[in-house]
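Architecture and fold: a report
Listed below are the residues making up each chain.
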Amino acid sequence: MDKPNKNRSIFIAITVFFIALFVYISYDMSSRTTAPWNKPKQLNRALPGATPDSDSLLLDSLLEEVK
């Protein structure tokens, strides 16, 4: 009766290890990835002034009307 109990504990240990590894890899990937809707914010944090805060097309159209 010791054999099935040992196999079961080995299976549980490997399962827990696999799940922990999967959680770690998922967290690591998510922390290194930027969502598409956050990319302008990330660029603005990295290089302040690199992107305009407002719509650049609207600014250009307003400047054309003034001239």
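Residues numbered from 1 in each chain as written. Predicted model: local features only at pLDDT ≥ 70, side-chain atom pairs only at ≥ 80, totals over all residues. Heavy atoms only, no water.

1. Topic: the overall build of the protein chain
For the protein chain, the helix and strand inventory stands at 3 helices and 0 strands. Relative to its full complement of 67 residues, the protein chain shows a buried share of 0%. When the accessible surface of the protein chain is split by element, carbon and sulfur atoms take 67% of a total near 6,600 Å². (Helix = DSSP H or I, 4+ residues; strand = E, 2+ residues; numbered from the N terminus. Buried < 20%, exposed > 50% of the residue type's maximum accessible area, 1.4 Å probe, protein only. Areas by Shrake-Rupley, 256 points an atom, 1.4 Å probe, with all protein chains shown as cover.)

2. Focus on a nonpolar patch on the surface
A cluster of nonpolar side chains, contributed by Phe17, Leu21, Tyr24, Ile25 and Met29, occupies part of the molecular surface with about 550 Å² of accessible area. Within the secondary structure, Phe17 sits in helix H1 (residues 2–32). (Patch = residues over 30% accessible without salt bridge, like charges linked within 9 Å, V, L, I, M, F, W, Y side chains within 5 Å. Salt bridge = Lys/Arg side-chain N within 4 Å of Asp/Glu carboxyl O.)

3. Re the pattern of salt bridges
A side chain with one charge can pair with a side chain of the opposite charge if their charged atoms come near. A full pass over the atoms with the stated rule returns 1 salt bridge. The closest approach of N and O atoms between Asp28 and Arg32, which form a salt bridge, is 3.0 Å. Of the two residues, Asp28 and Arg32 both sit in helix H1, 4 residues apart, roughly one turn of that helix. We classify Asp28 as partly exposed; its relative accessible area is 24%. The class of Arg32 is exposed, set by a relative accessible area of 66%.

4. A look at the confidence of the model for the protein chain
Interpretation of the predicted coordinates at a detailed level should be avoided for regions scoring low in pLDDT. In the predicted model, the protein chain carries a mean pLDDT of 75, and 51% of its residues have values of at least 70. Per-residue pLDDT, averaged within each element of the protein chain, yields its smallest value for helix H3 (residues 56–66) (53) and its largest for H1 (91). (pLDDT = per-residue confidence, 0-100.)

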